Amino acid sequence: MRPVQLTILLPILFVWMFVGCGKSGKSKVAVVSGKSIEKGKQVLRLGNGSEPEGLDPQIVTGVPEHFILAALLEGLLSENPKTLAPEAGVAERWEVSKDGRVYKFLFRADAKWTNGDSVKAGDFAYSYERMLTPQMATKYGYMLHVLKNAKAFNEGTLKDFSKVGVKAMNDRTLVLTLEEPTPYFLQLINHYSWYPVHPPTIEKFGGMTKRDSQWTQPENFVGNGSFRLKEWKLNEHILVEKSPTYWDVDKVRLEKIYFLPISSAETEEKMFRDNQLHVTQTIPLTRIEHYQKKEPELLRVDPYLGTYFYRVNVNHRALKDKRVRQALAMSINRHEITRFVMKAGQIPAYYMTPPNTAGYTSQAKFAFDPARARQLLAEAGYPGGKGFPKIDIYYNTSEAHKQVAEALQQMWKKTLRIDVGLFNQEWKVYLDTVTKIKYDVARAGWIGDYNDPNTFLDMWLAGGGNNQTGWSNARYDQLIQEAGQTSNPAARFEKFQKAEAILLDEMPVIPIYFYVSLTLVKPNVRGWYPNILDHHPYKYIHLE
């Protein structure tokens, strides 16, 4: 589903939702800007980890961006805050054909954009065409490849969008036709890559294929979510306020939400202690034990559908040999990392897809095997690490990422006798470095976009927007494609098993651990329910 920015926290997507405000309305709370909250107000404060890459749902890819977009935009459907089961959104109801290939979404009459325009089926058709247009070069374009002919259009071999499985039959009826039955489709369309944009606004600020236009600025942003964009003060906060045009406005109890870009875990946790945040998923490693022993009522540890891993640049002169990549993977003691570095119940990962993802667990796996790692490195031409070039680990700024990187640096030095440097970058710079594959080894995190193994395996397709390793394998691509065309669950999972075995043998990525959702929550926050994707629809949240 999405890259994660921080390590311990994790929400849905890279990370996280943090909230801030007064104690049960009995005190005032200072904010980063120096202002305070009036007591009794429904104002939520969330630590967002960093400045967002942007607010264009068809361009961004991270969890920090997801948190904000989930307030500003709404897709065809919404989701239950406890179970994540599909609920009515812009579409008040939907119908599915017997063969599972055709979905008809019937729009509610009172769905509005924040400028008062009605939300129309054509707006979604426009948005999907924009997402798939090759000139946009979107990283998440593949998320829409389940639509008939979408892949061909996205890759430029089909020029006529009218042949893609998207049809606005009228203003209130959208029909989506799939290539094959897709059991997770109603979960998939809750991802922000399926959110709509307001066509007249996009056209006003440069047109469909204009990237990084001014339409996302507060004075220009037109959304259809439960909140509207009020302020964006760089490195201070993004403020959204309750939207009076939202169709379900009577259910929304929060008046405002502040998203605060706090890159320091220590600062954010201190703000939580000082009652400047209601919720934080950024917890310094050194503070976890304190909350476990002394304030357990504030700490929530829940299952979370995500994998922390390292990408490997397979075009690097030494790392292009899969035996070297395997040696790196087998020389990492993951139990030491999860027990002594992370300390919150993370699970050591010896395969890519989190265990029991919709009933799927990889049968293929590797092991911590220092002797075999040294043997593989020698077979690759570097006995005892001799002649191996110095490589660098790249990671985005975070104390937790730094400590994991330092652990790997020491393990690789001790076991393989190779020199490894550490190189940290700010979030936006790091994303650019990884996208352009200008790294040797780079830390990464992936949170499932939906509860299905496909969300962890289709990202490694050749040329995929989130592959970013330089790796490709024709047989792997074929298996993932065949899985998407297989309706029998057992047969489909067998395709995934074979594909993941190839991934683990080729090792363009090195799994480290499976996430848990680690959250500090103030007692007065209501409607913040644990779920496997760590999604928390804001219209269900309020403060007591």
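See the structure shown above.
Residues numbered from 1 in each chain as written. Predicted model: local features only at pLDDT ≥ 70, side-chain atom pairs only at ≥ 80, totals over all residues. Heavy atoms only, no water.

## Some remarks on the overall build of the protein
Here is the rule we go by: Helix numbering and strand numbering both begin at the N terminus, where a helix is a DSSP run of H or I of at least 4 residues and a strand a DSSP run of E of at least 2. In this description the radius of gyration comes from C-alpha coordinates, and the expected globular size is given by 2.2 Å times residues to the power 0.38. Burial classes follow relative accessibility: with a 1.4 Å probe on protein chains only, a residue under 20% of its type's maximum area counts as buried, one over 50% as exposed, and anything between as partly exposed. The Shrake-Rupley method, run with a 1.4 Å probe, gives the accessible areas here. Residue values count only the displayed protein chains as cover.
Helix and strand counts for the protein stand at 15 helices and 20 strands. Against the compact-globule benchmark of 24 Å for 544 residues, the protein has a radius of gyration of 23 Å, which places it among compact chains. Split into buried and exposed, the 544 residues of the protein put 62% on the buried side. Of the accessible surface of the protein, which amounts to about 20,400 Å², a share of 47% is contributed by carbon and sulfur atoms.

## Some details on the layout of surface pockets
This is how the line gets drawn: Grid points spaced at 1 Å over the protein atoms alone were grouped into cavities, where a 1.4 Å probe fits but cannot get out, and pockets, open sets with protein on both sides within 12 Å along at least five of seven lines, with lining residues defined by an atom within 4 Å of a point. Grid points are joined across faces, edges and corners, and a volume is the space filled by probe spheres set on the points. Amino acid classes used here: Ala, Val, Leu, Ile, Met, Phe, Trp, Tyr, Cys and Pro are nonpolar; Asp, Glu, Lys and Arg are charged; the rest, including Gly, are polar.
In this structure, the largest pocket encloses a volume near 850 Å³. Every residue lining the largest pocket is counted, 38 residues in all, and those nearest its centre are Tyr142, His145, Val146, Lys151 and Leu461. Of all elements in the fold, only helix H3 (150-155) and helix H14 (474-484) reach the threshold of two or more residues within the lining of the largest pocket. Along the lines of polarity and charge, the residues of the lining of the largest pocket split into 16 nonpolar, 14 polar and 8 charged. Of the pockets and cavities examined, the second largest pocket occupies roughly 290 Å³. What lines the second largest pocket is a set of 17 residues, among which Glu53, Gly54, Leu55, Asp212 and Thr216 lie closest to the centre. Looking at the lining of the second largest pocket residue by residue, the class counts come to 7 nonpolar, 5 polar and 5 charged.

## Topic: the pairing of strand S8 (residues 173-177)
Basically, it comes down to this: If DSSP finds at least two bridges between two strands, the strands pair.
With 4 of 5 residues buried, S8 lies mostly within the body of the structure. By the bridge criterion, 5 bridges tie strand S6 (residues 102-107) to S8 in an arrangement that is antiparallel. Bridge pairing links lysine 104 to valine 175 in S8. In this sheet, S8 lies alongside strand S7 (residues 166-170) in antiparallel orientation, the contact comprising 4 bridges. Following the sheet pairing, valine 166 is matched in S8 by leucine 176. In textbook terms, the turn of a hairpin is the stretch between consecutive antiparallel strands, and for S7 and S8 this stretch comprises 2 residues.

## Considering the nonpolar core
Applied cut-off: Take the buried Ala, Val, Leu, Ile, Met, Phe, Trp, Tyr and Cys residues and link them wherever side-chain atoms come within 4.5 Å; each set so joined is a nonpolar core. Contact between two residues is taken to exist if any of their heavy atoms lie within 4.5 Å; hydrogens are not considered.
Ranked by size, the top nonpolar core spans 172 residues in total, and within it Phe105, Phe185, Trp194 and Ile337 carry the most contacts. By residue number, the principal contributor to this core is strand S18 (residues 509-521), which donates 10 residues. In this view, isoleucine 337 contacts Ile332, Met342, Val404, Ala407, Leu408, Met411, Ile512 and Tyr513; residues no more than four positions away in its chain are not counted.

## Quick word on H14
Under the convention used in this document: Our arc is simply the arc of the directions from the helix axis toward the C-beta atoms. N or O atoms closer than or at 3.5 Å make up a polar contact, with two conditions inside protein: a donor-capable atom paired with an acceptor-capable one, and, for residues adjacent in sequence, both atoms drawn from side chains.
Taken together, the buried positions of H14 are Tyr476, Asp477, Leu479, Ile480 and Ala483. For H14, the angular spread of the buried residues around the axis is 160°, confining them to a single face. H14 presents Ala474 and Gln481 as exposed residues on the side facing more than 90 degrees away from its buried surface. The inward-facing, buried residues of H14 contact helix H13 (454-457) and helix H15 (489-506). Capping of H14 at its N-terminal end is provided by asparagine 473; its side-chain oxygen lies 3.0 Å from the backbone amide nitrogen of arginine 475.

## Observations concerning the sheet that holds strand S5 (residues 91-96)
We apply this condition: Between the N-to-C directions of two axes lies an angle of 0 to 180 degrees, each axis being a line fitted to C-alpha atoms and, for a helix, fitted only over the stretch in contact.
Strand order in the open sheet made by the 4 strands is S5-S6-S8-S7, with antiparallel pairing throughout. Pairing within the sheet leaves two strands with one partner each, and these edge strands are S5 and S7. Going across the sheet, the axis of each strand differs from the next one's by a mean of 20°, ignoring polarity.

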